[in-house]
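# Structural overview for review
Residues per chain are reported as follows:
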Amino acid sequence: MLANRISESNWALAQNVSILMQHSLKRRNETDSCFFLSRYRHRSSMATLNLSSLQALSSHRLCSSFPQNTPTPSFNFQLKPSINPRPISLKPYVSEKPRARVVALAVKSLGDTEALAVSPENDGPAGELPSGAGVYAVYDTNGDVQFIGLSRNIAASVAAHWKSVPELCGSVKAGVVDEPDRETLTQAWKSWMEEYIKDSGKVPPGNESGNATWVRQAPKRKPDLRLTPGRRMQLTVPLENLIDGLVKENKVVAFIKGPRSAPLCGFSQRVIAILENEGVDYESVNVLDEEYNYELRETLKKYSNWPTFPQIFVDGELVGGCDILTSMYEKGELASLFKK
């Protein structure tokens, strides 16, 4: 019977201990939750943490783990602050300067750039000027600036000026921009314009509003030619004969992929850009038009004995494709070709 009483006493004691542990664990969880919630709410505005508050809070957390009637243990320790704390910079982030301006600074100023003389003996300066992209200034024989321009091909642009207004081309200054984009070229051009205006107090004559001497006006775009009345219509003349008549009746004909207003390949786009930059009056034929130019691609390959597109004909003769036309453009040879 005594054993039964001892067993019941032990069971009651174990039950009380279990209740006390649950109560202690519950209080501890509540304390932790409040601490971390308070820390989350205020951490954005806190610059430093008070060490004494942290010590008190730590003691409270440790003591709260024991029942209320249990003696509070003593802990003799101190938190030492770190020596030489690392300062936090509050300066706003400053992004790097645009790359275009950095590249533009690599171009020499207008006054520091050496001028190249233009003379009738060497038929203009195209052979001496770079074929790269950049900015250039054209001077007359009296040494006055007539025009400041920017170009993807300096030599070709100056050669075109020489052909159209040789009396205004006495010398040329050129500054090449490496890896150029539109913004970089514009920055280089602005730097030369601002320098000239600051020194002379005026805009170069060729850059004045309404002056069309130096900047060519792009011709109005014609519609693409159609070789047949439609795919469902039967031809009474072989398609090869239609091609032959077309290239011989027109000065310049470009067979391209896509319409001239929006070419569908980079080579065709390049050819159209060159022709319009040269101010050429040309006809275009879309070889991808399966409705009105059905089977044109294969027939034209046999007619010209040229396997790729675009194809450019001048006076009924095949000149070549994009590579040949680009090479002639860079050498300044297209003006004489189209004037024959």
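Owing to the predicted nature of the structure, the values given are computational and were not obtained by experimental measurement.

To continue, consider the overall build of the protein chain. Helix and strand content of the protein chain: 10 helices and eight strands. Across the 340 residues of the protein chain, 32% fall into the buried class. For the protein chain, the share of sequence-separated contacts (at least 6 apart) that also reach a separation of at least 24 residues comes to 67%. Within the structure as shown, the protein chain displays about 22,700 Å² of accessible surface, and the carbon and sulfur contribution to it stands at 52%.

Under the criterion given, the structure shown has four aromatic pairs. Judged by centre distance (6.1 Å) and plane angle (55 degrees), the ring pair of Tyr136 and Phe147 falls under tilted. Note that Tyr136 is positioned in strand β2 (residues 134-139) and Phe147 in strand β3 (residues 145-151), a separation of 11 residues in sequence. Overall, Tyr136 belongs to the buried group, its relative accessible area being 4%. Centre to centre, the rings of Phe147 and Trp214 are 5.4 Å apart; their planes meet at 0 degrees, and the pair counts as stacked. Here Phe147 is found in strand β3, whereas its partner Trp214 is found in the loop between α5 (182-200) and α6 (239-249), with 67 residues between them in sequence. A relative accessible area of 5% means that Trp214 is categorised as buried. Through successive ring pairs, a cluster of aromatic residues spans Tyr136, Phe147 and Trp214. In this arrangement the basic side chain of Arg226 is found over the ring face of Tyr292, its NZ or CZ atom lying 3.9 Å from the centre.

Another point: the pattern of salt bridges. In this structure the tally under the stated criterion is seven salt bridges. Linking Glu283 and Lys222 is a salt bridge whose minimum nitrogen-to-oxygen distance equals 3.0 Å. Of this pair, Glu283 sits in strand β6 (residues 283-286) while Lys222 sits in the loop between α5 and α6; the two residues are 61 residues apart in sequence, bridging distant segments of the chain. The class of Glu283 is buried, set by a relative accessible area of 14%. Glu291 is the partner of Arg232 in a salt bridge, and the nearest nitrogen-oxygen pair spans 3.7 Å. Of this pair, Arg232 sits in the loop between α5 and α6 while Glu291 sits in the loop between β6 and α8 (296-304), and the two are 59 residues apart along the sequence. Each of Lys222, Asp281 and Glu283 takes part in one network of salt bridges that share partners.

Looking now at the packing of α6 against α8. At a minimum axis distance of 10 Å, the contact between α6 and α8 shows a crossing angle of 65 degrees. The orientation of α6 with respect to α8, classified from their angle, is roughly perpendicular. For the element pair α6 and α8, the recorded crossing hand is right-handed. For the pair formed by α6 and α8, the contact residues are Leu239, Glu240, Ile243, Asp244 and Val247 on the first element and Leu296, Thr299, Leu300 and Tyr303 on the second. Among the residues forming the contact of α6 with α8, the class breakdown is six nonpolar, one polar and two charged.

Quick notes on the rules
- Residues numbered from 1 in each chain as written.
- Predicted model: local features only at pLDDT ≥ 70, side-chain atom pairs only at ≥ 80, totals over all residues.
- Heavy atoms only, no water.
- Helix = DSSP H or I, 4+ residues; strand = E, 2+ residues; numbered from the N terminus.
- Buried < 20%, exposed > 50% of the residue type's maximum accessible area, 1.4 Å probe, protein only.
- Contact = heavy atoms within 4.5 Å.
- Areas by Shrake-Rupley, 256 points an atom, 1.4 Å probe, with all protein chains shown as cover.
- Phe/Tyr/Trp six-rings, centres within 6.5 Å; stacked < 30°, edge-to-face > 60°.
- Lys NZ or Arg CZ within 6 Å of the ring centre and 35° of its normal.
- Salt bridge = Lys/Arg side-chain N within 4 Å of Asp/Glu carboxyl O.
- Axes fitted to C-alpha atoms, helices over the stretch in contact; angles between N-to-C directions.
- Parallel < 35°, antiparallel > 145°, perpendicular 65-115°, else oblique.
- Left-handed = near helix turned anticlockwise from the far one by under 90°.
- Nonpolar A, V, L, I, M, F, W, Y, C, P; charged D, E, K, R; others polar.

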